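Structural overview
Here is what each chain is made of, one letter per residue.
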Amino acid sequence: MGQIVVLDRNMVNLIAAGEVIERPASVVKELMENSIDAGATSITVAVEDGGRKLISVTDNGCGMDAEDLARAFEPHTTSKVRTSEDLRGISTLGFRGEALASIASVSQVRAVSRMRDELVGNSIENDCGEKSPMCPCSTDYGTTIQVRDLFYKLPARRKFLKTANTEMTHITEQLTRTALARGNLDLTLVHNGRELYRLPGEKGIGPRIAELFSTEISENLIETESREKGLHIFALLGRPDIARTSNKLQYVFLNGRFIRDKFISHAIKEAYRGSIEPNRFPVAFLFIEMPYEDYDVNVHPTKIEVRFYNSNLVHSQILACVREKLLATNLDTAGKLPIVSAAGVREPDGRIADAMAEFFKRHRPGQTQRRLEFSPAKSTERGPQHIRGFSGDLPGALPERKFLQIHDSFIVAEADDGFLIIDQHALHERMMYEDLRRRISAGKLESQKLLIPESFQLTDAQQDAIDNNTELIDRLGIELTPFGPRTQAIQAFPTLLAKAELVDFVRGLLDLLAERDATLDADGLLDEVINMAACKAAIKAGQKLSDNEIEQLLADKEIIEHSSHCPHGRPTAIRFTLSDLEKQFKRT
Ligand SMILES: Nc1ncnc2c1ncn2[C@@H]1O[C@H](COP(=O)(O)OP(=O)(O)O)[C@@H](O)[C@H]1O
Ligand SMILES: [Mg+2]
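A few points on the structure. (Residues numbered from 1 in each chain as written. Chains lettered and ligands numbered in written order. Predicted model: local features only at pLDDT ≥ 70, side-chain atom pairs only at ≥ 80, totals over all residues. Heavy atoms only, no water.)

What follows is about the pattern of salt bridges. This model, assessed by the stated rule, comprises 33 salt bridges. In this structure, Glu167 and Arg23 form a salt bridge, with 3.0 Å as the shortest nitrogen-oxygen distance. One end of the pair, Glu167, is in helix α6 (residues 164-181); the other, Arg23, is in the loop between α1 (9-20) and α2 (24-37), with 144 residues separating them in the sequence. Side by side, Glu167 and Arg23 carry an identical accessibility label, which is buried. We note a salt bridge from Lys80 to Asp37, for which the minimum N-O separation is 2.8 Å. (Salt bridge = Lys/Arg side-chain N within 4 Å of Asp/Glu carboxyl O. Helix = DSSP H or I, 4+ residues; strand = E, 2+ residues; numbered from the N terminus. Buried < 20%, exposed > 50% of the residue type's maximum accessible area, 1.4 Å probe, protein only.)

Next up, the structure:
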């Protein structure tokens, strides 16, 4: 006898529910999507016990008549698609026709709905697939769906539900996605009778982000927009200093749908490359609009993934849009001034900032006292002569910019709206990196023959690295010749790296080539080499600089790309604004 049977309807729903309904947050997601598809402008989500006891979603959408309300809970019933043609351009959030049937197969559901132009509404109950008769009732227009005791007949699934707090975190995340995707929707979330969020639709995306995350996030976003090749991108990009340790604060929306897409994540990562440390993730909110026909959403039951027909275009457009904006923006890290207590005692870690604040307070243009007055202890030979324009016998003609090198490591420089503290090594490293990259991509680095070759001993691994990377070593402008057993001589060295210690540099290079990460392609390896070269050849901390060198460094900072961060993504400069200082000195 045959073994195959046709599964009954409830089994079909249960299996579908296994894919679509994982936890209370999935119910919230599906119900909110239905409300949005029904044209609602206001949605209230009320839950009890993290949604384990009750999930109730009320909207002011188009509602359903009695016939539709009864049918909505049948499997594969939908008002959103009819023919295979419709699947080619889905403009609604739902279309699979299985959410309500799935939810009703694993919980007790009560649905109440009234269409706007009808006088009475209807209600229906459904207990794990067992339907009660439809009842007319008086109700506001729109729809309310209440879901009680999720998975109560499925102990194996219920067991996987976490604490109310954890389930609430997931529900809040769903609410957050919807709130961002539909900025003009009124949204309310209530837990155990307590209102957690009330987000009015008319306030705009900025206040919404502040409410959902923090003002630290909302105040550190850079806005950009592009409209090209059928793609409209609106992006709010987090400044590098608010980057996170995970990509949780990267939200991507496609035509109002929250999606996850590895091409898009990659484009964002690439765009920020060099602006943040490699192990950090930028905060980014990306809103993409494109024709519905240009992608397929029928890929995953939870509709969180899509398949772009031209993913390269999406990748390149996002990369270009984000990168261009970042390059055009001053990304210097904002300085945080120390907290001043009521008694006026400053926090110990604020000492440098305090000294700087004092420095600039004294030397603001227009003040009568212009000569620097260093206390005897600080008045070393590296003091005042490093400050241009403060001789005191230059009256009235103030210089364009003022600067000061401190501890032979940092440069304090005046800026239009305050001052910068620059890490001289980090900034110079970035400059070397950009310069090396530009020159190497144009060809071989210019090099100089050494009058007396420098010889050094090397290990087998280092010898192998020479043999396996002759082309790369040549491209760097380094000439090595064997000079006896396990010994090589450096015959020529790149001019640009003249400041580096020759043997140390070559050994470092060979070690890097010997230990190269096998997954790196040629470009990745070259990038690592340039990184290393930039670091070794850059000005060090503790190195005294002449006025000319400082001037050059400051002038170059204005013109090179990514000057706000070193090649490893660490900041090169911290910016303090005058208005912050004025607040600290109680001038305002
Ligand atoms: N809140 C609502 N307001 C109006 N109609 C709704 C609502 N929720 C569900 N419906 C109707 O019920 C149908 C079935 O919903 P669902 O099972 O989620 O499938 P889908 O959303 O994929 O169509 C929808 O197509 C819609 O017509
Ligand atoms: Mg739906």
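Working definition: the strands of a sheet are paired by backbone hydrogen bonds and lie parallel or antiparallel to each other. Taking strand neighbours across the sheet as the criterion, the three strands line up as β21-β23-β22 in an open arrangement whose pairing is antiparallel. Two strands lie at the open edges of the sheet, namely β21 (447-457) and β22 (479-482), each paired on one side alone. The sheet shows a mean angle of 20° between the axes of neighbouring strands, direction not considered. Summarising the sheet, β22 and strand β23 (residues 487-494) pair through four bridges and their orientation is antiparallel. Within β23, the position partnered with Pro482 by the bridge is Gln488. Running at roughly 70° to β21, helix α15 (residues 502-514) makes contact with β21, β22 and β23 of the sheet. (Pairing = 2+ DSSP bridges. Axes fitted to C-alpha atoms, helices over the stretch in contact; angles between N-to-C directions. Contact = heavy atoms within 4.5 Å.)

This part takes up a nonpolar patch on the surface. There is a patch of nonpolar side chains on the surface, built from Val5, Leu7, Met11, Val12 and Ile15 and spanning about 430 Å² of accessible area. Mapped onto the fold, Val5 is located in the segment before α1. (Patch = residues over 30% accessible without salt bridge, like charges linked within 9 Å, V, L, I, M, F, W, Y side chains within 5 Å. Areas by Shrake-Rupley, 256 points an atom, 1.4 Å probe, with all protein chains shown as cover.)

Our focus in this paragraph is the packing of aromatic side chains. Counted by the stated rule, this structure contains eleven aromatic pairs. Relative to Phe285, the ring of Tyr251 has its centre 5.7 Å away and its plane inclined at 10°; by these criteria the two rings are stacked. Of the two residues, Tyr251 is situated in strand β12 (residues 250-254) and Phe285 in strand β14 (residues 284-289); the sequence distance between them amounts to 34 residues. In terms of burial, Tyr251 and Phe285 fall into one category: buried. (Phe/Tyr/Trp six-rings, centres within 6.5 Å; stacked < 30°, edge-to-face > 60°.)

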